[in-house]
Amino acid sequence: MNISSQQSMLPFISHPLARLISFIIRRSARLLTGARSLWLGCEPKPIQRIYYANHNSHIDFILLWSSLPKELREKTRPVAASDYWLKAGFRRFLIQDTFSGITIQRNGDKSTDPLYCIADALSQGDSIIFFPEGTRNLSDDTELLDFKSGLFFLAEQFPQVEIVPVWISNLKRVMPKGAFLPLPLLSTVIFGAPLPHNLNLSKTEFLAYARHQLLELKNHEVQ
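Peer 1: What am I meant to see in the sheet that holds strand E6 (residues 162–168) here?
Peer 2: Think of a sheet as strands paired side by side through backbone hydrogen bonds, with each pair either parallel or antiparallel. Strand order in the open sheet formed by seven strands is E1-E7-E6-E2-E5-E3-E4, with mixed pairing between adjacent strands. If you trace the sheet from one side to the other, it starts and ends with strand E1 (36–39) and strand E4 (102–104), each paired once. Neighbour-to-neighbour, the strand axes of the sheet open up by a mean angle of 25°, direction not taken into account. Note: E1 against strand E7 (residues 188–191), four bridges, orientation parallel. Paired with Leu38 across the strands is Ile190, a residue of E7. Helix-sheet contacts for helix H6 (residues 116–123) involve strand E2 (49–53), strand E3 (76–81), E4 and strand E5 (127–130), and the interaxial angle to E4 is about 155°.

In structure tokens:
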């Protein structure tokens, strides 16, 4: 689905202050981390996508989002945990007004589907940034946590949307646990090939396959 052909409900950065903060954060994050974008398996085209990535820090989605060209960035919404991003007023302003993010409850009411807001955004034609590990991976011994089931259900519900793996390198060193600002170390955002449509895999098989495709991109890290 070409996202330019469907009207989006995305209220993207309508606040003047939010636009300014967005510019400052994008430039600062890329300057501090030296972030580079490698489009290896796809091109930055205005196509509706689920970008799924590894999750090591709170600036993961900022680097990925900043790596997208403006035309794509304005149609792409990060998915973030409400227990962190809605906890304080400025964080709330950042995720809602600056990034037009989708906040979900990770450990909330079991009767509420946490994917509802994500599905609604996809139904409106927006792309999303999604972290299938479900939480930050703070382990130095594990490259990638097992995937939660969300990515599988989104793939089932939206088979027309491209699902693109994105490996964000070095963020455990760029933004170590407890750090307030990223350290000036090189990071690379690597975009892989979209997962094939109609894989006809079980949930367990699909999640293992998607995880493997993401880990394969680590081989292209720039040291």
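Peer 1: Could you clarify how one ought to interpret the pairing of E3 in this entry?
Peer 2: The buried fraction of E3 is high, at six of six residues. The two faces of E3 match: Thr76, Pro78 and Ala80 on one face and Arg77, Val79 and Ala81 on the other face are all buried. Summarising the sheet, E3 and E4 pair through three bridges and their orientation is parallel. Within E4, the position partnered with Ala81 by the bridge is Ile104.

Peer 1: I'm lost on helix H5 (residues 89–98) in this one. Help?
Peer 2: Working note: α-helix, 3.6 residues per turn, so residues spaced by three or four point in the same direction. Regarding H5, the residues found buried are Phe93, Leu94, Ile95 and Thr98. Just downstream of H5 lies Ser100, where phi reads positive at about 50°.

Peer 1: Can you help me understand unusual backbone geometry in this one?
Peer 2: What you tend to see is this: most non-glycine residues have negative phi, and most peptide bonds are trans. Backbone geometry places Ser100, a non-glycine residue, at a positive phi of 50°. Looking at the secondary structure, you find Ser100 in the loop between H5 and E4. Here the phi dihedral of Asn198 falls at roughly 55°; this positive angle occurs in a residue that is not glycine. Inspection of the secondary structure puts Asn198 in the loop between E7 and helix H9 (203–216).

Peer 1: How do you make sense of the pairing of E2 when you look at a structure like this?
Peer 2: For a regular strand, the rule is simple: side chains alternate between the two faces of the sheet. For E2, a buried count of five out of five residues is recorded, marking the element as mostly surrounded by other parts of the structure. Where E2 and E6 come together, five bridges link them in parallel fashion. Residue pairing in the sheet places Arg49 in a bridge with Glu162 of E6. When E2 meets E5, the two strands line up parallel, connected through three bridges. In the strand pairing of E5, Tyr52 is matched with Phe130.

Peer 1: How should helix H7 (residues 150–157) be read in this particular structure?
Peer 2: Every buried residue of H7 is accounted for by Gly150, Leu151, Phe152, Leu154 and Ala155. Buried residues belonging to H7 abut E2, H6, E5, E6 and H9.

Peer 1: Which parts of the structure should I look at to understand the packing of aromatic side chains?
Peer 2: For any two aromatic rings, the description comes down to two numbers: the centre-to-centre distance and the angle of the planes. Applying the stated criterion across every chain yields a total of seven aromatic pairs. Aromatic side chains Trp39 and Phe191 sit 3.7 Å apart centroid to centroid with 0° between the ring planes, which places their arrangement in the stacked category. Taken together, the residues Trp39 in strand E1 and Phe191 in strand E7 connect sequence positions 152 residues apart. Their ring planes at 85° and their centres at 5.1 Å tell us that Trp65 and Phe99 sit as a pair that is edge-to-face. On the criterion of sequence distance, the pair formed by Trp65 in helix H2 (residues 60–67) and Phe99 in the loop between H5 and E4 is long-range, its members being 34 residues apart. A relative accessible area of 0% means that Trp65 is categorised as buried. With a relative accessible area of 0%, Phe99 lands in the buried category. In textbook terms, an aromatic cluster arises when at least three aromatic residues are bridged by ring pairs, as seen for Trp39, Tyr51 and Phe191. Positioned over the ring face of Tyr84 is Arg91, at 4.0 Å from the centre of the ring.

Reading the values: rules and limits
- Residues numbered from 1 in each chain as written.
- Predicted model: local features only at pLDDT ≥ 70, side-chain atom pairs only at ≥ 80, totals over all residues.
- Heavy atoms only, no water.
- Pairing = 2+ DSSP bridges.
- Helix = DSSP H or I, 4+ residues; strand = E, 2+ residues; numbered from the N terminus.
- Axes fitted to C-alpha atoms, helices over the stretch in contact; angles between N-to-C directions.
- Contact = heavy atoms within 4.5 Å.
- Buried < 20%, exposed > 50% of the residue type's maximum accessible area, 1.4 Å probe, protein only.
- Phe/Tyr/Trp six-rings, centres within 6.5 Å; stacked < 30°, edge-to-face > 60°.
- Lys NZ or Arg CZ within 6 Å of the ring centre and 35° of its normal.

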